[in-house]
Amino acid sequence: MAQLEKNSSGDYAPPVVAPQPPALVKKVPSAKKVVPKSYAPGRAGGGWDSADHTTHNQSSGSEGSCDSSDRLETVSVTDWSAEEQLVMEHLLLDNTTQFILLRPSQLKVFKQKCQNLNCEKVVDFINERLQSTEDYVVVRALLLMETFLFRNDAVSLDYIVTVCQNQLNHLVHSSSDQRIADKAEKIIRILETYSGHATILVPSDQSN
């Protein structure tokens, strides 16, 4: 048994043992996870590549996809509503569905407004209206088209031929109103004279 010591009062007391400091535990670093290399035939270094390189390639691919998406979002759709509105407002002037021709003053306003717009798109919209089942719409569309025949600065006659020749031929051979057929043929003859297309009018059996 441990030796007892006397205290100041003469009684015996157990010896005081100083507490021991806690044992230091050495921290062992965790082992680094080793990712096996991937094999890619035909690549330098025998085709073996590190995981870091693969991850970098995947990350670069993702960044490239994001860049492409950003570029697509910046593409804007061209608005041709002003060109279409110009055509429609002259086809529906006077709020009438009767066979009433456009006055010279109205055609002059049309030409002036066209100067600030894309005239080729205006021709496109005019050609669409040549397919109307309403005679008053068709004849006014022909009058609007006629304003371009002597204005090479607005749109080329070759462009008008390319866009409108089929519908003009259809009107010549198929319109129930002789006035429309005559106007369409007149426009064709002018185009044959002044454009690079010598023959535009086709025989009735070849028209669409």
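Structure: above.
Conventions used here
Residues numbered from 1 in each chain as written. Predicted model: local features only at pLDDT ≥ 70, side-chain atom pairs only at ≥ 80, totals over all residues. Heavy atoms only, no water. Helix = DSSP H or I, 4+ residues; strand = E, 2+ residues; numbered from the N terminus. Buried < 20%, exposed > 50% of the residue type's maximum accessible area, 1.4 Å probe, protein only. Areas by Shrake-Rupley, 256 points an atom, 1.4 Å probe, with all protein chains shown as cover. Polar contact = N/O pair within 3.5 Å; in protein donor to acceptor, adjacent residues only side chain to side chain. Salt bridge = Lys/Arg side-chain N within 4 Å of Asp/Glu carboxyl O.

Colleague: I'd like a description of the overall build of the protein chain, backed by residues and values.
Modeller: Secondary structure assignment for the protein chain yields 7 helices and 4 strands. Burial analysis of the protein chain (208 residues in total) assigns 30% to the buried set. About 14600 Å² of surface is accessible on the protein chain, with carbon and sulfur atoms providing 52% of the total.

Colleague: Residues and numbers for the environment of Asn169, please.
Modeller: Here Asn169 is to be found in helix α6 (residues 157–174). Between the alpha carbons of Asn169 and Leu201 there is a distance of 6.1 Å; along the sequence they are 32 residues apart. Polar contacts involving the side chain of Asn169 include one to the main-chain carbonyl oxygen of Gln165, which spans 2.9 Å.

Colleague: Describe the pattern of salt bridges, with residues and values.
Modeller: As enumerated under the stated definition, the model contains 8 salt bridges in all. We note a salt bridge from Lys186 to Glu146, for which the minimum N-O separation is 3.2 Å. Linking Lys186 in helix α7 (residues 178–194) with Glu146 in helix α5 (residues 135–146), this pair joins segments that are 40 residues apart in sequence. We note a salt bridge from Arg189 to Glu185, for which the minimum N-O separation is 3.6 Å. Here Arg189 and its partner Glu185 are both found in helix α7, 4 residues apart, which amounts to about one turn of the helix.

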